[in-house]
Amino acid sequence: MSFRRLRELLVLAASLVTCVSCAGTVATVSTDEEDEPHGGVQWVLTAAEFEALSLQAYRAASDFLEAAISDNDWSALPGQTDASELPPAIIFDIDETTVSNAEFQASYEPPFANSKLDDWSNTTIATALPGAVDFVRLAQAAGVELFFVTNRPCEPKAGVDHPCPQEQVTLQDLIEAGIETDADHVMLANERPEWDREKVVRRNLVAETHRVIMLIGDDLGDFIQCARSSPRTPCTNTATIASRREATWNHRSYWGAGWFILPNPMHGSWTTVK
Ligand SMILES: [Mg+2]
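Residues numbered from 1 in each chain as written. Predicted model: local features only at pLDDT ≥ 70, side-chain atom pairs only at ≥ 80, totals over all residues.

**Focus: the overall build of the chain**
Okay, step 1: Secondary structure summary: the chain contains 9 helices and 7 strands in total.
Okay, step 2: Each of the 274 residues in the chain was classed as buried or not, and the buried ones make up 36%.
Okay, step 3: Put simply, 76% of the contacts in the chain that link residues at least 6 apart link residues at least 24 apart. (Helix = DSSP H or I, 4+ residues; strand = E, 2+ residues; numbered from the N terminus. Buried ≥ 20, exposed ≤ 12 C-beta atoms within 10 Å, placed from the backbone. Contact = placed C-beta atoms within 7 Å.)

Here it is as structure tokens:
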């Protein structure tokens, strides 16, 4: 089975899972090779519905902003208490949350490699998710500090004498997309030895100095720890479809009220859980 075909089937599986309440509807996916790229990528690239969902998420975040700032007892991080004296911060993911790489998803030759995304980013002007830039500017104007926690990893690169060549590319992507930030606010995987792909470690570091008022991402791992099929420190358990749904339900008070999620049917930790 080709990688592309496997991804088609995963998208179909996801659509069935997410549509359990859609009585009377029939989930379909094309098996026609002429329909490449696969449905998820095609949807992101062409569907106005994708744009509407992104605008909806950022509109909801905008509407939540003032209350989140003014309520000193509020934190979007479960377990963060006694943060009332700390300045407010928002933690964003980057890919498919603030910056789109859907065009890359449509064009790269499988299998995926971080270096391929890196090279593509290096040669392409980044575009923002619909609504992201307006929200970022609103939050910045309100005095909120913004952190960008991404699982783009620091990896050595031939001919580049820097421990994390990807940091500059990632920072440049944000700036190209219209988001003003700096290297101190962009946190890549492996940038420090303890920063594995499990993002809770980096979220907790931000929480040492800031009251985290919102999380914005496209992957369950942007919100909930231990959401991956291959656990990374400090997680030890393998996430499953059932465990991820249970964790999502158990945190239901946060969705749309501190946690804002963007749709991503193209890739993510959901694709490898069973
Ligand atoms: Mg992402």
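**Notes on the confidence of the model for the chain**
As a general rule, the predicted coordinates of low-pLDDT regions are not to be interpreted in detail.
Okay, step 1: In the predicted model, the chain carries a mean pLDDT of 88, and 86% of its residues have values of at least 70.
Okay, step 2: Predicted confidence for residues 1-36 stays below pLDDT 50, and this span has 27 contacts to residues more than four positions away or in other chains. (pLDDT = per-residue confidence, 0-100.)

**Considerations on the sheet that holds strand β6 (residues 211-217)**
Okay, step 1: An order of β5-β4-β1-β6-β7 is seen for the 5 strands of this open sheet, with the pairing classed as parallel. Among the strands making up the open sheet, the edge pair consists of β5 (186-189) and β7 (259-261). On average, each strand axis in the sheet is tilted by 20 degrees relative to the strand beside it, whichever way the strands run.
Okay, step 2: Pairing of strand β1 (residues 88-92) with strand β4 (residues 145-153) involves 4 bridges; the strand directions are parallel. Each bridged residue has a counterpart across the sheet, and for Ile-91 the counterpart in β4 is Phe-147. (Pairing = 2+ DSSP bridges. Axes fitted to C-alpha atoms, helices over the stretch in contact; angles between N-to-C directions.)

**Things to note about the pairing of β5**
Okay, step 1: Where β4 meets β5, 4 bridges bridge the pair, whose relative direction is parallel. Paired with Phe-148 across the two strands is Val-186, which belongs to β5.

**What to know about helix α7 (residues 165-177)**
Okay, step 1: Between its first and last C-alpha, α7 extends 19 Å over 13 residues, near the 18 Å set by a 1.5 Å rise per residue.
Okay, step 2: Taken residue by residue, α7 has Gln-166, Thr-170, Asp-173 and Leu-174 as its buried positions. Each buried residue of α7 lies within a common arc of 95 degrees when the element is viewed along its axis, so the set occupies one face.
Okay, step 3: Along its buried surface, α7 packs onto β2 (99-100), α5 (114-122), β4 and β5.
Okay, step 4: Where α7 terminates, the next one or two residues include Gly-178, which has phi positive at roughly 105 degrees. (Expected span 1.5 Å × (residues − 1). Arc of directions from axis to C-beta.)

**Remarks on the environment of Ala-242**
Okay, step 1: Relative to the helices and strands, Ala-242 is located in helix α9 (residues 241-250).
Okay, step 2: Ala-242 sits in the exposed class, given 10 other C-beta atoms within 10 Å.
Okay, step 3: Between the C-alpha atoms of Ala-242 and Lys-274, which are 32 residues apart in sequence, the distance is 8.3 Å.

**Some words on the environment of Thr-248**
Okay, step 1: Its location among the elements puts Thr-248 in helix α9.
Okay, step 2: What makes Thr-248 partly exposed here is the crowd of 17 C-beta atoms within 10 Å.
Okay, step 3: With 21 residues separating them along the chain, Thr-248 and Ala-227 place their C-alpha atoms 9.8 Å apart.

**Re unusual backbone geometry**
Okay, step 1: The amide bond that connects Pro-110 to the next residue, Pro-111, takes the cis arrangement and shows omega of 5 degrees.
Okay, step 2: Relative to the helices and strands, Pro-111 resides in the loop between α4 (102-107) and α5.
Okay, step 3: With an omega of 5 degrees, the peptide bond running from Thr-233 to Pro-234 counts as cis.
Okay, step 4: With respect to the helices and strands, Pro-234 occurs in the loop between β6 and α9.
Okay, step 5: If you check the backbone angles, Asn-190 has positive phi at about 70 degrees while not being a glycine.
Okay, step 6: What makes Asn-190 partly exposed here is the crowd of 17 C-beta atoms within 10 Å.

**Digging into the packing of helix α3 (residues 48-70) against helix α6 (residues 132-141)**
Okay, step 1: For the pair α3 and α6, interaxial distance at closest approach is 9 Å and the crossing angle is 10 degrees. When the interaxial angle is binned, α3 and α6 end up roughly parallel. When you trace α3 past α6, the crossing you get is left-handed. Facing α3, whose interface residues are Tyr-58, Ala-61, Ser-62 and Leu-65, α6 presents Ala-132, Asp-134, Phe-135, Leu-138 and Ala-139.
Okay, step 2: A per-class count over the contact of α3 with α6 returns 7 nonpolar, 1 polar and 1 charged. (Parallel < 35°, antiparallel > 145°, perpendicular 65-115°, else oblique. Left-handed = near helix turned anticlockwise from the far one by under 90°. Nonpolar A, V, L, I, M, F, W, Y, C, P; charged D, E, K, R; others polar.)

**Here's the deal with the pairing of β1**
Okay, step 1: Within β1, 5 of the 5 residues are buried, which leaves the element mostly enclosed by the surrounding structure.
Okay, step 2: Side-chain alternation along β1 places Pro-88, Ile-90 and Phe-92 on one buried face and Ala-89 and Ile-91 on a second face that is also buried.

**Quick notes on the nonpolar core**
Okay, step 1: Core analysis: the biggest nonpolar cluster contains 49 residues, and Ile-90, Ile-91, Phe-148, Val-212, Ile-213 and Met-214 have the highest contact counts within it.
Okay, step 2: Among the secondary structure elements, those contributing two or more residues to this core are α3, β1, α6, β4, β5, α8 (200-209), β6 and β7.
Okay, step 3: Grouped together as the second largest cluster of nonpolar side chains are 5 residues, Val-41, Val-44, Phe-50 and Met-266 included. (Core = buried A, V, L, I, M, F, W, Y, C linked by C-beta atoms within 7 Å.)

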